[in-house]
Each structure stands twice: as C-alpha cells, then as structure tokens.
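Next come the chains, spelled out residue by residue.
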Amino acid sequence: MRKANQKEFETVQEVFSLNYVKVLFKQLLEEELINKKEYELLIKKLDDDINKVLDKGGLMWKKEK
C-alpha cells in the first residue's frame, strides 16, 4: 500500500468534512428542524460538492464506456 500525497490527503479530509455535514443535516431532519424537501436539496448540493472535490483532487473514478 502506498502513502497518500498531500493533495490526496487534503481531498479525503475535505470529503470527510462534507460527509459530516450530511450527518448534521440528517439530524436536523430527524429533529424536524428542516423538512424533507430542504434536506434533499442540501444533500444534493453536498453530493455535487463532494464530486467536485474528488475531481479536483484527482480521486474521482472515471466512468468506463
């Protein structure tokens, strides 16, 4: 197993941070502080952000044709 370089490490760290925010949004939904539509929009935006971070960091898997 090889060691991650600094860029890869920072990318993974940012993805973990964004996933943590997803958990917080789920908690807000369960506590009924946001509604399901708001939750879905927030999660969709976070998923887009995660994909951008992975792509920028070079860790996005390319789809095979």
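Keep in mind the model is a prediction, meaning the values are calculated, not measured.

Chemist: An account of the packing of helix α1 (residues 6-30) against helix α2 (residues 36-56) is requested, with residue identities and associated values reported.
Modeler: Axis separation between α1 and α2 bottoms out at 10 Å; the angle between their running directions is 175°. Taken together, the axis directions place α1 and α2 in an arrangement best described as roughly antiparallel. Note on element contacts: α2 touches α1 through K36, Y39, L42, I43, L46, D47, D49, I50, V53, L54 and K56, opposite K7, T11, E14, V15, L18, N19, V21, K22, F25, K26 and L29. Residues that form the contact of α1 with α2 fall into these classes: 12 nonpolar, two polar and eight charged.

Chemist: Summarise the environment of L18; cite the residues concerned and give the values.
Modeler: Tracing the chain through its elements places L18 in helix α1. Residue class for L18 comes out buried when judged on its relative accessible area of 15%. As for L18 and G57, which are separated by 39 residues in sequence, their C-alpha atoms are 14 Å apart. Excluding residues that lie within four positions of it along the chain, L18 makes contacts with L46, D49, I50 and V53.

Chemist: Run through the side chain of E8, naming residues and quoting values.
Modeler: Note that E8 resides in helix α1. On the basis of relative accessible area, E8 is assigned to the buried category, the value being 13%. Within polar-contact distance, the side chain of E8 engages the side chain of R2 at 2.7 Å. When residues no more than four places from it in sequence are discounted, the contact partners of E8 are R2, K3 and L59.

Chemist: An account of the environment of V15 is needed here, citing residue identities and associated values.
Modeler: By the element assignment, V15 lies in helix α1. We classify V15 as buried; its relative accessible area is 14%. Look past the residues within four positions of V15 in its chain and what remains in contact with it is I50, V53 and L54.

Chemist: Which residues make up the nonpolar core, and what values go with them?
Modeler: With 10 residues, the main nonpolar core is built from V15, L18, F25, I34, Y39, I43, L46, I50, V53 and L54. For this core, the secondary-structure elements that each account for two or more residues are α1 and α2. Looking at which element gives the most residues to this core, the answer is α2, with six residues. What I34 contacts, discounting residues up to four positions off in sequence, is F25, L28, L29, Y39 and L42.

Conventions adopted
- Residues numbered from 1 in each chain as written.
- Predicted model: local features only at pLDDT ≥ 70, side-chain atom pairs only at ≥ 80, totals over all residues.
- Heavy atoms only, no water.
- Axes fitted to C-alpha atoms, helices over the stretch in contact; angles between N-to-C directions.
- Helix = DSSP H or I, 4+ residues; strand = E, 2+ residues; numbered from the N terminus.
- Parallel < 35°, antiparallel > 145°, perpendicular 65-115°, else oblique.
- Contact = heavy atoms within 4.5 Å.
- Nonpolar A, V, L, I, M, F, W, Y, C, P; charged D, E, K, R; others polar.
- Buried < 20%, exposed > 50% of the residue type's maximum accessible area, 1.4 Å probe, protein only.
- Polar contact = N/O pair within 3.5 Å; in protein donor to acceptor, adjacent residues only side chain to side chain.
- Core = buried A, V, L, I, M, F, W, Y, C linked by side-chain atoms within 4.5 Å.

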